Structure formats: structure tokens, C-alpha cells
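Structure assessment
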Amino acid sequence: MVKKFDNRIYIISLLLTFLFLVLGFLTSLYLESEKKSEYQDIALQYSLESEKTALLLMYSQIEDENICFSLDKIIDKQNAKFLKLASRVEEYSKKHVLNDYTPIKQELVISNLKLYLLLKQEISKCNKTIASPLIYVYDEKEICPDCFTTVKILEELKKRCPKIRVFAFPLHSDNEILDLIYVKHNITKAPVLILPNNQVYPGVIDINILINELKQDNIC
Amino acid sequence: MINMTFKDFLKKHKQLLLSAYLIFSAFLVYLTISQPIQFLIITLSFISVYFVIFAILVYIFYWEQDYTPINIKKYPKLSVLVSAFNDFPYLYGCLDSIVSSDYAGELEIIVITDGTFDLSKYTNIISIVKPKSFFATGKKTNLKSKALNQGLKKATGEFIAVVDADSFLKPGSLQIMINHFLNNQRLDKKLGAITSLVIPKNKDSILERIQYVEYAVYMGFLNYVLSKIDSILVTPGPLTIYKKSMLDKIGFFDESNITEDMELTWRIHKNGYTIEKYEDTVVETFVPKTLSQLVRQRTRWIRGKIQTVFKHFDMLFERKYADFGFFILPYFLFLEALGIFLFLKILGINGKNMLEIIHNVYNLIFVAHVVPSPELNPIVLGTSFYFGVLLSILSIIFTYIGTRIGQFKPRKIDLITIPLYFSVYSFFLTAIYLSCIVEEALGVDYKW
């Protein structure tokens, strides 16, 4: 005997579909929030580390102690950590649409900027230093294939010139100091490299030109 | 199930349903304006999930296989139509399976061939049925529908079984199907056709096993669910039994359509007849062994479907065609259109990525003078991944039920087959779909 088809199945299916999708949405939201708070913690830790470095520099200025070598090591360590973290957060925020990652990114930019300024200060204080800062400006909003190429160039440059410390900053940011740097160097497009001697190189550049330029300043 | 009518249910939860509907509509309007791509993805997910849940519920509440045959004193005369090209290699086996199915009533076998036919090869078969009930006919024709119509004109049975020449019936199939037909006809006077489960005869290579899974899911599970809401989209060529009086009334196969079985199915629905699928009878058929054969077969199916859609476009969203016109047709056409859109989108994204990679490598080598080193970036899973996982779980349940209904017997090789079925195969079919749309739009002739 054929069972009569019950039309309520249509409605039950509809309700279950809603439930299922809401469940999917909540799961995604929960997992993303977990990850976001993990990145927030790392960003906070990073910020604390740069605070500590700033204090160390302040101490050396007050007590007139030579801490150049250890300061350089600390900055170097933090710089390497930052590059890894920044690219991870950038990648993660592009693929996750349920949370806003702008505050974390802004916090990281501020910590990185602080580190950059500390290194500059260290250079002026210690005169002779192991590290030299190079600014890399990237575009986080527009699709930037040349930024990808520039990252590869910088990786190679770091191998060939170990004294170079790369500080990556986004082109569009609400940071006044960065705006000042960009205005000073007339930067409107990305990618751009600002060498330690303040020479500006927009777009994809031949690595040999960069090395020659750095060699003139005994950085490479 | 709950002792409440559908109307009562709607009445009781009217406010709740209306609120949910309004919230959902507002959300869709917002998405359409602000995020058109996300809107399409969410819509696709929603309708896919809806149908999968619907199918699973139908399976849970209605699956029953216990078949109790009714007593029939005299089985009606059955005409079996087999169309084949000249001395098709599988024809003997096909005819042998028909006569061996031991139909209790009078059996008439009509073989429609294209040109010459050597009767001497089939003396064993002819000796089983009455000689006057076996004959071959045929004029030069490239269309199966024309051949079948020639046979239909000669058929004298009360029921017509159409069997593909590369298909093989299991013993007892015809009798069980006719018994089931007569049994259900008492409840449903408009029952016009009955189909069976189709599974591949050849199921050894990876390509054949992928089709085995596909047949189990679509010919098995999907057709079962569609049969419950009288919305079967196609009465498969390997074995379908039609009521002759219905065919006389609504007309034979459409000779201008390359998927005559699908066109007839839609016409059956249009004329208010119903179609059932009976799970207990199985017919085995040869499936394409090579990719080129598969492309040719699917091109025919899809182009025929497009022709059928154009011919019966008036059935879409038409309330009088019930679930078939109001739910299933719009649902599947919309799903397929979205599938094509996503396919193009993925193709576009990957194509663009590929161009970017070429551009970057060129820049690195020739502008920056840096030797590119291959590196594996850590995989970052996006929001869509979580939804993807949930959708995959549902798809796996759907496929699992399909493989059960479709009598799929797993082997070790299926560790490769099933992932391929879920990934590459659907993209492959969508690509064929796309090429068929282009061919139809350009009016390219179809060659058998």
C-alpha cells in the first residue's frame, strides 16, 4: 500500500534548512571569534614587547649605558616576528568576512611603526649599528600583483644583505606618522621601497640596483 | 507523523512563518544590493540544503521496500520495443534477458533496426516467444525517437516496455513491474508510466565507477524522491513501461527531440498522468567507457534537455502541474544555472590567478632578476570553509543513502572514485553543460 505523501515535509524541510544555515553561521562566527581573539592576544603581546624595547632605550639614554648590541638583537627578533604575524592577519582577514580585523591590523601597524622609530633612534644613538631599516609600502585594499613580486625581492635582498630590516606598512592607514612619511616621499601608489638612505623606488625594481645602492652605504 | 493537517499547521504558525519569511526576504534584498556574489552563493547553499534535507526526510518517512504482489489471473499483453543499429553487439544479450525475464502474459518483441537485420542469429530467442510476436522493422533513420515510433505503430500490447539495446533485464522484472503497475493503477487511475532502478553493467574502471555512484544517487535516490511527489524528470531509456492507451492519447515520441524519453516524460506530466519508480526492479545498462563517449552521451542528454525546456517552458511555475511545474522544474533549472555561474566564477578566479602568477614570475626573472623559489604557503581556511564542511556532511549523507538505494557495492578503488565524484566530476559535467548551451545557442547540429 502506498503511503500518502504528507505536505508538511516541505515546511519541516524549510525550517530545518533555516536551522541548519543559522547553525552554520553561528559555528563560523564562533570559530572566527576564537581565532580573532588569538590574534588580538598576539598583537597585544607584540605591543608590550615594543613598549619594553622603548623603555630599554629610554633607560640607556638616562643612565648613559651602552646597550646598542642587545637592543639591536631585540629589535631584530621583533621585526622578524612581526612580518610573519602581519602577513598571517592580512591573509586571514581577507578570507573571513564575519569579523572586523581592522583594529588588530591598526594595532600591529602602530607597534611596527614604534619599532621602526626605535631602530632609527638607536642608529642615531649608537652611531654604528648592525641593522638598517627599509620601508616597504604595500596596498592592502587593491589587488596588487607587484606587491607579491616585491615581497619575493625583499626576501632575496635580506638573504644577500643581512643587515637590512624590512618594515612593511599599508598604503592606506589612519596613522598620521605614516601619512607624514608618505607625503615626505610623495608616495601615492604601492608597492614602494624606501631605502635607509631615503631613496624611493616605486614598482618592481631590479635587485641589483637595490644592492648597489645599499653597498654605497656599506649596508650590503 | 503528527495528527494535524497541513492547513492547520499553516494556520497555527502563520505569524511565525510570515515573520521568518519577511526577515529572510529583507536579508535577501540587502544581500542582492550589497553583495551580489555572496547573495548567489547563499541562495545556492540554501536551495541545495533545502532539497537535500527534503530528500532525506522523504527517505526517512517513506522508504518501504516490502512488495506484496497482487493476484492477477491473466497478465495483459506486453509489447517490448528495442531499437538498435544494425546487429548491435549487445542486442542478443538484451533480447535474451527480455525473454528470460519470464513474463507470464503474452509477450511481443519488436526490434527496430536501422537497415539490415540478420534474423538467423536470433533463432533461439524467436523460438521462445511466438514467431509472429517477434519481428524486426526499420527504415534508415538517425533518430531513436523515429525508430521507436515505427515500433509503436506496430505494437499491439496493452502496455509498452521500452528497452535500450545495451540494457539487460533481471529475471522477473517485467512481471513485477506490470504487477506493481496494475496494483497502483487501482489507487491512481492516471498512472501512465513506471520506471525502474538503472545501474551500470560495466563497473570496473574509475570512470565507470564514478558513473555507478552517479546512477545510484540520481537514478536511485533522486528518482525515488521525485517519484514520491510525482515529479520524475525522465523515464530512463534502459527500461520504462508505458500504458499504450496513454501514448495513443498524448502522442508518441517527439521526433524532433534528441532525448525523446525526457520530452515524453514532461508531456506525460503536462497531460495530467503520473509516473512512478519501482525500486525492486533493476536493469543493467552499459555506461560510457571513455571520456569521449561520456562527453558525447552527456552532450546528447543536456542538449535534449535544453530543447525540452524550450518546448515545455509554459510548465514552469504553473500551479496546475503541481510539484513538477511549481517546485522541481524551477528548482533544478535554477540550481543548474547557479552551478554554471559558480563554475564560470571559479574558472575566472583561477584564470586570473594563473595570469597573475605568470606576470609575477616574468617580473621576478626579467625585471627584478630574482630566481623564483617555489614555496608552500600555509593554508588559511575562510568563512566559506565552515559552510562547506556542513554542506559536505549533508552531501555525504545524501550520497550514502543514494548508494544504498542504488545498490552500490563499494570496492577498494572507490577510495579514489568517490572523492573524484565529489570534486572533478561535477566540474567536468558543468563544463559539458556550458558547451551544450553554446552549441544550442549557435544552432550547431547534433550528430549521434
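Summarised in this report is the structure supplied together with it. Residue indices begin from 1 for each chain and proceed along its sequence in written order. Here every chain gets a letter starting at A, and every ligand a number starting at 1, in the order they are written. Residue-level local features of this predicted model are given only where pLDDT is at least 70; pairs of side-chain atoms are given and counted only at 80 or more, and the full residue set underlies all totals for whole chains, interfaces and linings. As a rule here, side-chain values cover all heavy atoms of the structure and leave hydrogens and water aside.

We now examine the overall build of chain A. Only runs of H or I of at least four residues qualify as helices and only runs of E of at least two qualify as strands under DSSP, and these elements are numbered from the N terminus. Secondary structure assignment for chain A yields six helices and four strands. Its helices and strands in sequence order give chain A the pattern α-α-α-β-α-β-α-β-β-α, from N to C terminus. Relative to the compact-globule value of 17 Å for 220 residues, chain A shows a C-alpha radius of gyration of 24 Å, a clear excess of over 25%. Overall size of chain A, expressed as C-alpha extent along the three principal axes, is 95 × 40 × 30 Å. Per-residue accessibility, obtained with a 1.4 Å probe over protein chains only, is compared with the maximum for each type, and a residue is labelled buried under 20%, exposed over 50%, and partly exposed between these values. Of all 220 residues assigned to chain A, the portion counted as buried reaches 47%. The contact criterion used throughout is that any non-hydrogen atoms of two residues lie within 4.5 Å. Sequence separation of at least 24 residues holds for 70% of the intrachain contacts in chain A that already meet a minimum separation of 6. Surface exposure here means Shrake-Rupley accessible area, sampled with a 1.4 Å probe, where a residue is shielded only by the protein chains that are shown. Summed over its atoms, the accessible surface of chain A is roughly 11,700 Å², and 58% of this surface lies on carbon and sulfur atoms. Charged residues are defined narrowly, with Lys and Arg counted positive, Asp and Glu counted negative, and His plus the chain ends left uncounted. Lysine's charge is taken at NZ, arginine's at CZ, aspartate's at CG and glutamate's at CD. Positive and negative charge centroids in chain A, built from 28 and 29 side chains respectively, lie 6 Å apart. Here the globule rule is a power law, 2.2 Å times the number of residues to the power 0.38, and the radius of gyration is based on C-alpha atoms.

Residues and elements named next belong to chain B. Buried Ala, Val, Leu, Ile, Met, Phe, Trp, Tyr and Cys residues form a nonpolar core when they are joined through side-chain atoms within 4.5 Å. Within the largest apolar cluster, 85 residues are counted, with the highest numbers of intra-cluster contacts made by F51, F54, L81, F221, Y242, I268 and F327. It is helix α3 (residues 36–62) that provides the largest number of residues to this core, a total of 15 residues. Ignoring anything within four residues of it in the chain, the contact list for F51 reads L222, V225, L226, F327, I328, Y331 and F332.

Moving on: the packing of helix α1 (residues 8–63) of chain A against helix α3 (residues 102–126) of chain A. Residue and element names in this part refer to chain A. Here an axis means a line fitted to C-alpha atoms, over the contact stretch when the element is a helix, while the angle between two N-to-C directions is reported on a 0 to 180 degree scale. Remark: α1 packs on α3, axes separated minimally by 9 Å, with the N-to-C direction vectors making an angle of 20 degrees. By the angle between their axes, α1 is roughly parallel relative to α3. Where α1 crosses over α3, the handedness of that crossing is left-handed. Under the grouping applied here, Gly and all other residues not named as nonpolar or charged are polar, the nonpolar ones being Ala, Val, Leu, Ile, Met, Phe, Trp, Tyr, Cys and Pro and the charged ones Asp, Glu, Lys and Arg. The class makeup of the residues in the contact of α1 with α3 is 10 nonpolar, nine polar and six charged. The cut-offs work like this: below 35 degrees is roughly parallel, past 145 is roughly antiparallel, 65 to 115 is roughly perpendicular, and the gaps in between are oblique. Each crossing gets its hand from how the near helix is turned against the far one by less than a right angle, where anticlockwise is left-handed and clockwise is right-handed.

Here we take up unusual backbone geometry. Put simply, A190 of chain A and P191 of chain A share a cis peptide bond, and its omega is 0 degrees. Turning to its location among the elements, P191 of chain A is positioned in the loop between α5 (176–184) and β3 (192–194). The backbone phi angle of A322 of chain B is positive, close to 50 degrees, even though this residue is not glycine. Mapped onto the elements, A322 of chain B comes out in helix α12 (residues 322–367). With a phi close to 55 degrees, Q407 of chain B is a non-glycine residue in the positive phi region. Within the fold, Q407 of chain B resides in the loop between α13 (383–405) and α14 (414–442).

Residue and element names in this part refer to chain A. Whether two strands pair depends on DSSP finding at least two bridges between them. Judged by pairing direction, the sheet is mixed, and its four strands sit side by side in the order β2-β1-β3-β4 without closing on themselves. Looking at the sheet topology across the chains shown, the edges are occupied by β2 (164–170) and β4 (200–202). Ignoring strand direction, the axes of neighbouring strands in this sheet form an average angle of 20 degrees. In the sheet, strand β1 (residues 132–138) pairs with β3 via three bridges, with the strands oriented antiparallel. Pairing of Y136 across the sheet is with L193, part of β3. Across the sheet, helix α4 (residues 145–160) is in contact with β1, β2 and β3; its angle to β1 comes to roughly 165 degrees.

Let us now look at the packing of helix α8 (residues 206–228) of chain B against helix α11 (residues 291–311) of chain B. All names here are of chain B. With their axes 11 Å apart at the nearest point, α8 and α11 run at an angle of 30 degrees to one another. Comparing the axis directions of α8 and α11 gives the class roughly parallel. Helix-helix and strand crossings are classified by hand; for α8 and α11 the assignment is left-handed. Only L291, L294, Q297, R298 and W301 of α11 make contact with α8, whose side of the interface consists of L207, Q211, E214 and Y215. Tallied by class, residues from the contact of α8 with α11 come to five nonpolar, two polar and two charged.

Residue and element names in this part refer to chain B. Along strand β7 (residues 240–243), one buried face is formed by T240 and Y242 and the opposite face, lined by I241 and K243, is buried too. The pairing of strand β4 (residues 159–164) with β7 spans four bridges and is classified as antiparallel. Note on β7: the bridge partner recorded for I160 is Y242. With three bridges connecting them, strand β6 (residues 191–200) and β7 associate as antiparallel partners. By the bridge assignment for β7, I194 is matched with I241.

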